[in-house]
Amino acid sequence: MTEERTTSLRERMIEDMRIRGIGDKAQQAHIRAIKDFARFLKRSPHTATPTLVLST
């Protein structure tokens, strides 16, 4: 298994999902979707702007 860096943004997202009672598999799916989105943008999702998203 590869070791991944855990950013404060990811930690906060996971904690928010736990508080809302989202199941483990759903959490994994959300994290995977965000990782795919970041790969698509070639940057961290929190730095994305609507203009950037619409232009890619």
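Residues numbered from 1 in each chain as written. Predicted model: local features only at pLDDT ≥ 70, side-chain atom pairs only at ≥ 80, totals over all residues. Heavy atoms only, no water.

The protein chain is annotated in an unreviewed UniProt entry as Integrase-like protein from Rhizobium sullae.

K.L.:
So what exactly am I meant to see when it comes to the pattern of salt bridges here?
P.N.:
Side chains that differ in sign of charge can pair as their charged atoms come close. In this structure the tally under the stated criterion is two salt bridges. For the salt bridge of Glu15 with Arg18, the shortest nitrogen-to-oxygen distance reads 3.9 Å. With a gap of three residues between them, Glu15 and Arg18 both fall in helix α1 (residues 8-19), about one helical turn apart. Relative accessible area serves as the criterion here: at 55%, Arg18 is assigned to the exposed category. (Salt bridge = Lys/Arg side-chain N within 4 Å of Asp/Glu carboxyl O. Helix = DSSP H or I, 4+ residues; strand = E, 2+ residues; numbered from the N terminus. Buried < 20%, exposed > 50% of the residue type's maximum accessible area, 1.4 Å probe, protein only.)

K.L.:
Help me out: how do you make sense of unusual backbone geometry in this one?
P.N.:
In terms of backbone geometry, most residues other than glycine have negative phi values and most peptide bonds are trans. Positive phi, close to 65°, is recorded for Lys42, a residue that is not glycine. Relative to the elements of secondary structure, Lys42 occurs in the loop between α2 (24-41) and α3 (50-55).

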